[in-house]
Every structure is written in structure tokens, then in C-alpha cells.
Amino acid sequence: MSNQPEAPEKGKDFVRQIIDKDLETGKYGDRVQTRFPPEPNGYLHIGHAKSICLNFGIAEDYNGRCNLRFDDTNPVKEDTEYVDSIKEDVHWLGFDWKENEFFASDYFERFYAVAELFIRAGKAYVDDLSAEEIREYRGTLKEPGKNSPYRDRTPEENLELFRKMRDGDFGDGERVLRAKIDMAAPNVVLRDPTLYRIKHADHHRTGDAWCIYPMYDFAHCLSDYFEGITHSICTLEFENNRPLYDWVLDALIECIGSGACGDDTTAVTGGGATPQERPYQYEFARLNISGTVLSKRKLIQLVQEGHVDGWDDPRMPTISGFRRRGYTPESIRDFCDRIGVAKADSMVDFALLEHCVRQDLNERAPRYLGVLHPVKLIIENYPEDQEDVFEMPLHPEDESVGTRKVPFCRELYIERADFMEDAPKKFFRMSVGREVRLRFAYYVTCTGFEKDAEGNITEIRATYDPATKGGWSDDGRKVKGTMHWVSARHAAKAEVRLYDRLFTEENPGNPGGDKTFLDCINPDSKEVRTECWVEPALADMQPGTHFQFERTGYFIADAKDHKPGDKLVFNRTATLRDSWAKIAKKG
RNA sequence: UGGGGUGUAGCCAAGCUGGUAAGGCAACGGGUUUUGGUCCCGUCAUUCGUGGGUUCAAGUCCUACCACCCCAGCCA
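Quick notes on the rules
Residues numbered from 1 in each chain as written. Chains lettered and ligands numbered in written order. Predicted model: local features only at pLDDT ≥ 70, side-chain atom pairs only at ≥ 80, totals over all residues. Heavy atoms only, no water. Helix = DSSP H or I, 4+ residues; strand = E, 2+ residues; numbered from the N terminus. Rg over C-alpha atoms; globule rule 2.2 N^0.38 Å. Buried < 20%, exposed > 50% of the residue type's maximum accessible area, 1.4 Å probe, protein only. Contact = heavy atoms within 4.5 Å. Lys, Arg positive; Asp, Glu negative; His and termini not counted. Charge placed at Lys NZ, Arg CZ, Asp CG, Glu CD. Near = heavy atom within 4 Å. Polar contact = N/O pair within 3.5 Å; in protein donor to acceptor, adjacent residues only side chain to side chain. Nonpolar A, V, L, I, M, F, W, Y, C, P; charged D, E, K, R; others polar. Patch = residues over 30% accessible without salt bridge, like charges linked within 9 Å, V, L, I, M, F, W, Y side chains within 5 Å. Areas by Shrake-Rupley, 256 points an atom, 1.4 Å probe, with all protein chains shown as cover. Salt bridge = Lys/Arg side-chain N within 4 Å of Asp/Glu carboxyl O. Domains from an automatic or database assignment. Axes fitted to C-alpha atoms, helices over the stretch in contact; angles between N-to-C directions. Parallel < 35°, antiparallel > 145°, perpendicular 65-115°, else oblique. Pairing = 2+ DSSP bridges.

1. Description of the overall build of chain A
Inference 1: Helix and strand counts for chain A come out as 13 helices and 26 strands.
Inference 2: Computed over the C-alpha atoms, the radius of gyration of chain A is 31 Å, more than 25% above the 25 Å expected from 2.2 N^0.38 for a compact globule of 587 residues.
Inference 3: With 587 residues in all, chain A has 51% of them scored as buried.
Inference 4: Taking as baseline every contact in chain A between residues at least 6 positions apart, the subset at least 24 positions apart corresponds to 71%.
Inference 5: The centroid of the 81 positive side-chain charges in chain A is displaced by 4 Å from the centroid of its 104 negative side-chain charges.

As C-alpha cells, this is what we get:
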């Protein structure tokens, strides 16, 4: 530990640098409070994971708190199914909001109190203009808007109308409450933004208690304020809304300061030590990943139109999709650490995410043998009634993981791709006359093969060398190739689901031309193989277990369909890096 | 002349007080290896969107320009 004044720590993102400064100046004392504020109108995706890691990560780093707050101000879009999935996903990622679980809907009464306060202070008015008229009056990006004819109603009149709005005296869309700011503001967000709208709709938590609901710009900053948030971190598209965020809070603090809210200020004051201790908003670039879409609208469309098998389809970039695919929370958090936090729009290479899972799974996944595209291999000189049982390590770099027993007999299954009739020099696997190693078993030399009428190879034959038991030889003989295998007599049958990228384009969200993202869907993104043979040890594997099929890839026993001892179902998480594929491609 | 942002390698991204371009991914070589995996070692920006300027010295300061993103929901 040194006492030297530290320059901002190298590599710290700009948000943490801001927090460092605020801590230095004591802007909030030593308090650091963030929040993750999803709207419960869809499942969380990897883009949310970036925000979750940022907000909860900051709370951890600075010994602060991070609230989970549901931004549920629009009853027609929201549902409790989504709040349940969001909680599950945040927990799964490894974060805990403890008792700090909030809903914007819990503040409806307080929002309403602030609205009345603004009306009394002449900062808000009820407008009778229709939605269309409001749009016309707003002007355009380059031309100023004009005032609504209802803009100068008295506070008394506004208060009466607003109460009638709350009482349900008007139909949807007949009135709105607007902030009185500036219809000529160059930032259109400030041209008298809507604060409340009428929606006679049941809310997933408040039922029919309300028929007016606050808008995001009004509710979000107030929620932050009520909860004593210090740093309100959101994505870049909200940069335009920041002046409004500031306007609402400044207006409220001004009202409190002027005594406008009377003796009892508890309904409108914030969670800071003083009313002035208010949150500020900071924006970072949202995550984009190559080869997928991360927009809620598009994801919900994929689910509802049946292009995928639900929100947790292993091809989906949702948290639940990655979970079912076999990604670990550690790998996703590592990914979020590596991509950084900045303000430049960016598109992260999917290969980085894949690298993160591979790295994590390489360390922790036990190894097994499984043949996905089987062809029979007959060891001609191995007696029919003989068997071996080999004890194989579960992990090549970590003995402590232990071993498992793998039976061997005369008839085996090997991978079709491990045999070539006319093998090039660089092909190290099986071909007539060549000797290869069967992993941890024996050296075998291929003697021939058989084909059916269509020319498909139906059976491969070989002889084994009993002196190479265990898969090695001390006579200086070398084999270049090592192959995995499964004893036909002992193998368990399994269904293996091979997943590939869901889209064919690098940026399916913006494919160019007349194409939409749906036109970019990869028709071969899912291959279900029902005739796979795996070593017997996998028969009692529990759902959700990660493992590696040696030489093939990382897999997980499917959480929903895999039944130990009955139906075996494995999802491919990621392939292993395949340098042979590169060599073969080069020719 | 609407306003607000952003431009550092194929992809992310450090760089803050000007001193001679971190790191990761990808790619490409080589070594180790009973997984063509892992691991190890090496290569990969004479240049920071562009042009001017200030300075002994500019990715960092000034200036002009260019490109891209966001904003006209009673969505968030």
C-alpha cells in the first residue's frame, strides 16, 4: 500500500474514473450507489449482462450497493413472467441485490405527489391536444415547435384536471400532463415532454389502482433520486434525455427548497443525505456482437414467430439461451470485463465470447469420449470374448479431478471424419496401412474397409498391437494421430444437438439492401443427431453438467430434456479450436 | 449553421499533467503434447478520421473540415 496520490488507475473505465473523482471531492461522502433498471417486457440478453456487470461490479469494487429496479411504468408491455426470468438471470450471473429489490410501480403515489407539486409550481400543465396534434406542435428537428393553446392554464385548473385524469374521468389519450419547459428548445426532448398519460389498463402489480401512468423520463430520474442512487448509468441513446433528467430533479429540488411541498416532504424527497445530493446520469455504448441481434424487439419476434424454440433456445443471445447452451456465468462475466466500457459505438467479435467459454471450460470441464458421426471399427485380431477396461483421467492437466473407467472390445465406433480412403500426407488419422493411437487404449493399424452399394463406408478393419496397451510404446515407435473411440458393446446412445450461428451475416440487425434480419437466419443453425454413441460413464450425468467430448468440443447435459439413465441429450456449447480444419481448407 | 455524441490495427481498447503508440481477441509462424485441444515462444500501428497551426517535441493543445451514431412515442 502506498500513500501516494494515485492518478486514475490504468485501464479503469471512464465511469469508474468519474466515481474516483466524486469520491475524492466527497460529492456523496463515501457512498456509491448504482442500479440495474430493466423493464420487465422481455428476457435479459448478453447486452444486459454488460450493464449488470458494470453496475453490480461498481458496487462490489467500491463497497457500495446496486439496486435491482424494475422500470414497470407501461402496463401494456410488462408481465410478471419477465420479472421472474430477470431475477433468475441476474442471480445466475452471480450478482445479489439482497433486499434492494424495487419496482417503479411502488413509487406511483410518490410520482403523483411530485406531479402535483410541479403543477402548483407552474412547471407542468394538462394538455387537451391529441397525440397527433402534439406531434404537429412539436415542430421538427430543424424548426422550433409552438405552444399548445392549453399551456397557460392556471395551476388550479391544471390540478383539477389532473385529479380528474387520475379519477378516470377521461378516456385513453384525451389528456396528458406535460412539463412546461420550452417549445423552441433545440433538443426536442425538452419541448414540453409528456409526464403522464392515460391508460385504462391493468398493471401486473398494481392492478386497476391507476389509469394514469408516468413516462420514463419522469419516473426514472425520480426513482433514482428516491433510492439515493449516486451514479445512474445507462446507454448512449439516453444522452439526449439527460437534460430532461436534470430538469426534473432540479425542478423538484427547487420545489423542496422553496417550501412548496409543506412540512411533510417524505413523499417527494430523495434518499441522499440532503435534497441536493442527487444522482447524475452517465452513458456508455451498448454492446453489439457480430453475427447476432441484441434488440428486444427482434428477439421477441424470433420467439413469437417461432424462428427459435423459445427465449432459452441455445442459439439465442439471451442469458437463458447461453445458460442452456452451456456457457458459464464466469465466462460471460469475463467477457464483459474484457470488452471494456466506453462511449464509441462498437461491434465485438463473437470469437471473443467463444474464447471466454473455451478458456473457462478448458479448466473445469471433465473429458469424455463420444462419437457423433459413428462408423464401426473392427479389431480383427482382438478376440470376440475379450474385454479391457481402461482407467482414463478426467482432466489432462489436473489429476485431482480423478479418473473414470472405459471399456474396450473387438467392435468400436469411431468418427467417420477420422478415416480417409485417399489420405493426404498431412492427414494424421486412419487410412489403410497407417498406424494410429486409440486414445488411452492401443495402437492400431488399418487393414481395410467395406462399402455399400452407394459407396458409403460401412465398416473399417484394423489390427491392434497388444504391446501398446494404454496407448503408448517405449520402442521408439511414433504415431502422429490419436483418435477417440467408444466400445460398441458398452456404448450408450445419446442425442446430441449441434448448434451453429443463428445468422449468416456479420451484422444481421442491419444487413443492407432489402433484407431484414429474418432473411439472415442460418437454416443450418441447429443439427440434431440422434444416433450418437458415448462412453457408459455419461449415462448417469446430471442435467446442467458441463463436459468435453475429447477432440470435439464442449457440451452440457440439457437442462430440460436430458434424463440420466434414460434419455441422454447433450448440447454443444462450442467446438474445440480445429487447426486440422484450417490445414484441410488450405489444401 | 437544429441539437447531442463518437472517430487509435481486421475486432474491442488503454493512452488524462504534450516526451516518441499498453493489453486482449482474431490472424500468421515455431516449440511442447496420448485431444491436430491446452500450454509456451515469436510476428502483427513509423502511426492515432483528414488538412492546417502552436511547440525542441502532438494520439494528447488550437483550428478547419470529413465520416458515422442518437433525437421529432401518450415506448424504455
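2. With respect to the protein's contact with RNA strand B
Inference 1: Lining the immediate environment of RNA strand B, one finds 72 residues, of which R367, R429, G470, Q548 and R551 sit closest.
Inference 2: Take the atoms of RNA strand B that sit within 4 Å of the protein: sugar and phosphate atoms are 63% of them.
Inference 3: Backbone polar atom of G471 to a base oxygen of RNA strand B: 3.3 Å apart, as the coordinates give it.
Inference 4: Those elements giving two or more residues to the surface near RNA strand B turn out to be α5 (131–137), β7 (194–198), α11 (329–339), α12 (350–364) and α13 (579–586).
Inference 5: For the surface near RNA strand B, the class distribution of residues is 27 nonpolar, 19 polar and 26 charged.

3. Some details on a positive patch on the surface
Inference 1: A cluster of basic residues, K426, R577, K582 and K586, forms a positive patch at the surface.
Inference 2: For K582, the position within the fold is in helix α13.

4. A look at the domain arrangement of chain A
Inference 1: Its domain assignment divides chain A into domain 1 (14–284), domain 2 (296–366 + 495–586) and domain 3 (376–484).
Inference 2: Of note, the centres of domain 1 and domain 3, computed from C-alpha atoms alone, are 66 Å apart.

5. Quick notes on the packing of helix α4 (residues 108–120) against helix α8 (residues 242–257)
Inference 1: With their axes 10 Å apart at the nearest point, α4 and α8 run at an angle of 75 degrees to one another. Taken as axis vectors, α4 and α8 run roughly perpendicular relative to one another. Side by side, α4 and α8 meet where V114, L117 and F118 of the first sit next to W247, V248, A251, L252 and C255 of the second.
Inference 2: Looking at the contact of α4 with α8 residue by residue, the classes come out as eight nonpolar, no polar and no charged.

6. Describing helix α9 (residues 296–304)
Inference 1: Taken together, the buried positions of α9 are occupied by K298, L299, Q301, L302 and V303.
Inference 2: In the stretch just after α9, G306 is the one whose phi turns positive, near 75 degrees.

7. Quick look at the sheet that holds strand β3 (residues 65–70)
Inference 1: Across the sheet, which stays open at both edges, the three strands sit in the order β2-β3-β4 with parallel pairing between neighbours. Each of the sheet's edge strands pairs with one partner strand only, and the pair in question is β2 (33–36) and β4 (101–103). Pairs of neighbouring strands in the sheet enclose a mean axial angle of 35 degrees, with direction left out of account.
Inference 2: Bridging between β2 and β3 involves four bridges; their strand directions are parallel. Directly across from R35, in β3, lies its bridge partner N67.
Inference 3: Packed on one face of the sheet, helix α3 (residues 80–93) meets β2, β3 and β4 and runs near 160 degrees to β3.

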